[in-house]
Amino acid sequence: MADVTLTEVRKSFGSTDVIRGVSLDIKHGEFVVFVGPSGCGKSTLLRAISGLEEISSGELRIGGQLMNHVDPSKRGIAMVFQSYALYPHMTVRENMGFALKHAGEPKAQVAEKVERAAAILGLQPLMDRKPKALSGGQRQRVAIGRAIVRDPEVFLFDEPLSNLDAELRVHMRIEVARLHRELGSTIIYVTHDQVEAMTLADKIVVLRAGVVEQVGAPLELYDNPANTFVAGFIGSPR
Ligand code: ADP
Ligand code: MG
């Protein structure tokens, strides 16, 4: 079970304290959304969970295992970024299979996992295209597909839909919710979009300047904000 537990996690860059004592208890299968103003440390916290950044102090556990110094590839997580970072010279199929192939998985097994992910995301008709022949939403689905094929226990999403236009964002939001239902995996998701947070989250974590202001179900925060900062963030659509 991939519970994700943070205990007094801190992260500094030089003398700048970016994450300042964050403790969180994320249960297996939960959809947790991080919100907070630009620069409050959302991406840094995700990167710390993924292992792209080493934490300065505190404890990070995934499935009970201490992860502080574990290589990103061995944490059972997959991260999807705002910028799709697809390989331009590879087809959709090759993009999705690349990491598995690189890890030495047998060809037939890679093909099977890629096909399964393609089916979940409705990408089958696009498998032989290159990224430049895809729309923004299609590219983002390929990026999610690359994460799915790795069959992670935990998905980390950093503002995955923020480059899409409003209509596509709504569509993709529904896709992400469906994905969570189908895969049952733990999802930690950063967004600027209040509607995304309110509709996707089992639990919202409100961050301010590297500190957790409040954690709760969307309606708990909406009805009972701990302070005006949380109220401003959750209560005012933008
Ligand atoms: P958010 O994702 O909430 O907008 P970030 O986690 O990207 O915020 O950044 C939080 C703060 O940490 C910012 O002030 C940013 O400048 C700083 N920061 C992030 N990464 C680095 C880094 N590698 N070196 C120095 N400062 C960084
Ligand atoms: Mg960010």
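Residues numbered from 1 in each chain as written. Chains lettered and ligands numbered in written order. Predicted model: local features only at pLDDT ≥ 70, side-chain atom pairs only at ≥ 80, totals over all residues.

(A) Molecular detail of the overall build of the protein. Secondary structure summary: the protein contains 8 helices and 10 strands in total. A compact globule built from 238 residues would reach a C-alpha radius of gyration of about 18 Å, and the protein, at 18 Å, matches this within 12%. For the C-alpha atoms alone, the extent of the protein along its principal axes is close to 50 × 40 × 30 Å. By residue count, 38% of the 238 residues in the protein fall in the buried class. Contacts in the protein between residues at least 24 apart in sequence constitute 65% of all its contacts with a sequence separation of at least 6. (Helix = DSSP H or I, 4+ residues; strand = E, 2+ residues; numbered from the N terminus. Rg over C-alpha atoms; globule rule 2.2 N^0.38 Å. Buried ≥ 20, exposed ≤ 12 C-beta atoms within 10 Å, placed from the backbone. Contact = placed C-beta atoms within 7 Å.)

(B) Main features of the sheet that holds strand β10 (residues 211-216). Across the sheet, which stays open at both edges, the 6 strands sit in the order β6-β7-β8-β3-β9-β10 with mixed pairing between neighbours. Of all the strands in the sheet, the pair left with one neighbour each is β6 (77-80) and β10. With strand direction ignored, the average angle separating the axes of adjacent strands in the sheet is 15°. (Pairing = 2+ DSSP bridges. Axes fitted to C-alpha atoms, helices over the stretch in contact; angles between N-to-C directions.)

(C) Main features of the sheet that holds strand β2 (residues 16-26). Taken in spatial order, the 4 strands line up as β2-β1-β4-β5 in an open sheet, and their pairing is antiparallel. Looking at which strands have only one partner, the edges of the open sheet turn out to be β2 and β5 (65-66). One ladder, built from 2 bridges, connects strand β4 (residues 57-62) with β5; its direction is antiparallel. Bridge assignment links I62 to a residue of β5, and that residue is Q65.

(D) Focus on unusual backbone geometry. Although it is not a glycine, D151 sits at a positive phi angle of roughly 50°. Mapped onto the elements of the fold, D151 is located in the loop between α4 (136-148) and β7 (154-158). Given 14 C-beta atoms within a 10 Å radius, D151 is considered partly exposed. A positive phi angle, close to 50°, is found at A209, a residue other than glycine. Among the secondary structure elements, A209 is positioned in the loop between β9 (203-208) and β10.

(E) Region of interest: the pairing of β7. For β7, the tally of buried residues reaches 5 of 5 residues, placing the bulk of the element in the interior. Here β7 shows a buried face lined by V154, L156 and D158 and a second buried face lined by F155 and F157. As judged from the 4 bridges shared by β6 and β7, these two strands associate in the parallel manner. Bridge pairing links I77 to V154 in β7. One ladder, built from 5 bridges, connects β7 with strand β8 (residues 186-190); its direction is parallel. From the neighbouring strand, D158 faces β8, where its bridge partner is V190. Taken together, β7, helix α5 (residues 166-183) and β8 form a β-α-β motif whose crossover is right-handed. (Right-handed = clockwise from strand over helix to strand, strands pointing away.)

(F) Quick peek at the site of ligand 1. In the vicinity of ligand 1, the contacting residues are F13, T16, V18, G36, S38, G39, C40, G41, K42, S43 and T44. Elements represented by at least two residues in the shell around ligand 1 include exactly β2 and α1 (42-50). Broken down by element, the residue count for the shell around ligand 1 peaks at 3 residues, all from α1. Counted by class, the shell around ligand 1 contains 3 nonpolar, 7 polar and 1 charged residues. (Near = placed C-beta within 6 Å. Nonpolar A, V, L, I, M, F, W, Y, C, P; charged D, E, K, R; others polar.)

(G) How the structure looks around the confidence of the model for the protein. Across the protein, pLDDT averages 93, with 98% of residues at or above 70. Reported for the predicted complex are a pTM of 0.93 and an ipTM of 0.98. (pLDDT = per-residue confidence, 0-100.)

(H) Summary view of the packing of helix α2 (residues 92-102) against helix α3 (residues 107-121). As a packed pair, α2 and α3 sit with axes 9 Å apart at the nearest point and diverge in direction by 135°. It follows from the interaxial angle that α2 and α3 lie oblique. The chirality of how α2 crosses α3 is right-handed. On α3, the residues that touch R93, M96, G97, L100 and K101 of α2 are V110, K113, V114 and A117. Tallied by class, the residues present in the contact of α2 with α3 amount to 5 nonpolar, 1 polar and 3 charged. (Parallel < 35°, antiparallel > 145°, perpendicular 65-115°, else oblique. Left-handed = near helix turned anticlockwise from the far one by under 90°.)

(I) Summary view of the UniProt feature "domain: ABC transporter" (unreviewed entry) in the protein. Feature annotation in UniProt places "domain: ABC transporter" (unreviewed entry) on residues 4-234, given in this structure's numbering. Helix makes up 37% of residues 4-234 and strand makes up 26%, while its end C-alpha atoms are separated by 24 Å. (UniProt positions renumbered as here; feature names shortened; annotations may be inferred.)

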